[in-house]
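# Structure assessment
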Amino acid sequence: MIIHTSKTDLSHSMHSIVELKGVKCGYRCGYCGNAWGKASYGMWSHSMTVQDYQDLIDRGWRRSGKYVYKPIMNKTCCPQYTIRCHALNFNPTKTHKKTLKRMNKFLSNGEMPVERSDGKIEGVLEELKCHLKPLSSMLQRTVAIAAGKTQSFLAGEPMDSAHEEGVRPPPQDLLKIDHTDVEEFTTSPDTDSKSTAHLTPREDPAPTPPEKTLHVAPKPGKGADPNRPMCRKAKDIRKERRLQKDEQKQQEGASTSVTPVPLKSTSNQPKLLEDFISESFPTDPLHRLEVKLVPVSFEDPDFLASFEQSAALYARYQMTVHGDSQYECGESEFKRFLCDSPLEAKTAPDGPDVGYGSFHQQYWLDGRIVAVGVLDILPSCVSSVYLYYHPDFSSLSLGTYSALREIAFTKQLQKQSPKLSYYYLGFYVHSCPKMRYKGHYRPSDLLCPETYVWVPIERCLPHLDTSAYSRLNEDAKAGDAQALRDVGRALVLHRRAVMPYAAYARKRKGSSDEKDAEQYAGLVGQTCAERILLYRS
């Protein structure tokens with residue numbers, strides 16, 4: 001069946017139209033610096049429906065402006081795995097909480113943190129901590145053996161309850177712990193390691209006969225003072241003080257009211273991400289931060305009014321952070337890269353109030369733009385495209401802060417559109433340490449490059465530690481559910497007529513392009529091949 005249509009009809013239709021650019025190999029990799037290591041497959045998108053793009057990114061595709069590309073995973077030097085975060089179940093890490101607290105302090109009193117790199121370096125530090133934990137356990141075991149405590153240590157008796165189950169690394173750990181955040185962890189009640197070191201878990205310490213007890217006073221300046229009580233942990237002191245305050249409040253309430261005041265629970269209930277973010281907006285701040293979402297459209301008055309300021313911020317960011325020349329980040333490049341989008345804006349009855357499409361989430365500080373997050377709002381996710389910010393505020397970790405705000409924004413949209421529940425962070429590159437920070441937004445999944453199913457990142461990391469490229473899906477029998485079955489059913493746009501590829505092949509004169517069509521249809525999948533119009537001249 002062939003459908004003839006006019007150019008005007010196509011421009012207003014809800015069809016995706018793409019033009020093949022083919023395989024691009026042997027160009028510079030921005031992750032490892034290999035001058036000839038990168039390989040990808042690309043196509044130019046004249047228009048794209050949000051559902052088609054959702055299906056494409058769920059097969060490993062990604063856009064840069066209107067150019068849509070897919071890394072050739074088993075050939076490129078640094079395989080790029082699509083990563084998504086479960087926004088509804090997201091748990092902020094200690095680093096994430098510290099980022100929000102730093103923003104709170106800055107807004108409250110203008111306190112600017114010491115200059116630091118963004119969340120990428122912090123992600124590397126967290127990665128280093130994870131690798132040091134086993135070393136800490138080995139060190140603890142070695143100390144136990146050297147002290148003659150092998151039997152009790154191997155029997156399961158902790159040398160120090162503070163180290164139990166890796167809750168905190170030992171004092172010898174090279175990465176010092178910020179003790180202001182220690183009470184986020186819960187540990188078992190403390191025990192005296194000195195009195196129980198030689199006992200199995202079920203034994204009690206046997207009393208030592210008084211006549212055999214030796215009291216040797218330590219030399220001045222050395223050892224513990226026997227006349228003073230043993231040191232207690234700050235965490236336990238804080239817990240005891242909270243209990244005393246609660247009991248005092250209960251007693252005061254009982255003396256003034258017949259109704260008893262219940263004891264406040266001492267269990268640390270985890271805060272929601274929204275709670276941490278709301279705390280970053282004090283009632284009487286020194287600085288005011290406002291977040292605006294504007295659609296990427298020159299017909300939108302807010303986008304148009306802020307365009308020049310936003311473009312200037314982009315140029316400053318690119319030149320300062322990435323070392324681009326002024327020519328490389330001019331207004332035309334800004335438009336091509338971050339303003340030209342193939343996505344067709346759309347609203348739906350079951351969709352979010354802001355609709356679907358491409359947006360700029362602008363961060364206004366005291367009346368000027370200091371950061372912009374470029375987002376695509378799709379049927380199942382919010383997809384992060386890019387972020388640029390004012391370099392003077394880099395110490396506030398705006399990359400991490402904006403990602404947390406975007407996760408919270410995803411949760412907000414999910415209340416309006418239940419199936420919109422994921423936050424896509426782009427590509428996860430395990431072979432590039434500075435890109436591993438994306439794996440700390442959990443729970444998260446990586447996309448299997450062969451079967452296109454989502455695999456929890458915890459199951460992927462052991463494979464990626466062994467090889468930069470991995471199938472990820474451990475089911476050897478699993479295959480691609482959208483694998484190409486019939487290229488003849490792929491839709492083609494030829495001379496303003498929409499037709500199946502089989503009909504186009506019969507009309508085509510000259511050499512066959514069936515191999516190109518099969519490669520394209522195999523990469524986009526059978527369903528997308530039957531929906532997207534492949535332009536053929």
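Quick summary incoming for the structure in this document. (Residues numbered from 1 in each chain as written. Predicted model: local features only at pLDDT ≥ 70, side-chain atom pairs only at ≥ 80, totals over all residues. Heavy atoms only, no water.)

## With respect to the state of the cysteines
- Throughout the structure, instances matching the rule amount to 0 disulfides.
- Sulfur of Cys29: no disulfide; nearest cysteine sulfur belongs to Cys77 and is 3.6 Å away.
- The thiol of Cys460 is not disulfide-bonded; the next cysteine sulfur, from Cys448, is found 8.4 Å away.
- Under the relative-accessibility criterion, Cys460 is labelled buried at 0%. (Disulfide = S-S within 2.5 Å. Buried < 20%, exposed > 50% of the residue type's maximum accessible area, 1.4 Å probe, protein only.)

## With respect to helix α9 (residues 301-321)
- Spanning 21 residues, α9 covers 30 Å between terminal C-alpha atoms, matching the ideal 30 Å at 1.5 Å per step.
- The principal kink in α9, of about 50°, is found at Phe307.
- Among all positions of α9, only Phe303, Ser306, Phe307, Ser310, Ala311, Leu313, Tyr314, Ala315, Tyr317 and Gln318 are buried.
- Looking at where α9 begins, the residue whose side-chain oxygen comes 3.1 Å from the main-chain nitrogen of Asp302 is Asp300.
- Once α9 finishes, Gly323 follows within two positions and takes phi at roughly 70°, a positive value. (Helix = DSSP H or I, 4+ residues; strand = E, 2+ residues; numbered from the N terminus. Expected span 1.5 Å × (residues − 1). Bend = angle between axes of the 7 residues up to and from the residue. Polar contact = N/O pair within 3.5 Å; in protein donor to acceptor, adjacent residues only side chain to side chain.)

## With respect to the environment of Ser402
- Secondary-structure assignment places Ser402 in helix α11 (residues 398-414).
- With 31 residues separating them in the primary sequence, Ser402 and Ala371 have C-alpha atoms 8.5 Å apart.
- Ser402 has contacts with Tyr363 and Leu387, leaving out every residue within four places of it along the chain. (Contact = heavy atoms within 4.5 Å.)

## Considering the packing of aromatic side chains
- Enumeration over the complete set of coordinates arrives at 19 aromatic pairs.
- Ring geometry for Tyr501 and Tyr504: centres 5.6 Å apart, planes at 50°, overall tilted. A residue pair is termed a helical-turn pair when its members lie 3 or 4 positions apart in one helix, as Tyr501 and Tyr504 do in helix α13 (residues 501-507) at 3 residues. Per residue, the accessibility class of Tyr501 equals that of Tyr504, and both read buried.
- An aromatic cluster of three or more residues is present, and its members are Phe298, Phe303, Phe307, Tyr314, Tyr317, Phe334, Phe337, Tyr386, Tyr388 and Tyr389.
- Its guanidinium or amino end placed over the ring of Tyr27, Lys24 lies 4.4 Å from that ring's centre, counting from NZ or CZ.
- Its end group placed over the ring of Trp364, Lys292 keeps NZ or CZ at 4.5 Å from the ring centre. (Phe/Tyr/Trp six-rings, centres within 6.5 Å; stacked < 30°, edge-to-face > 60°. Lys NZ or Arg CZ within 6 Å of the ring centre and 35° of its normal.)

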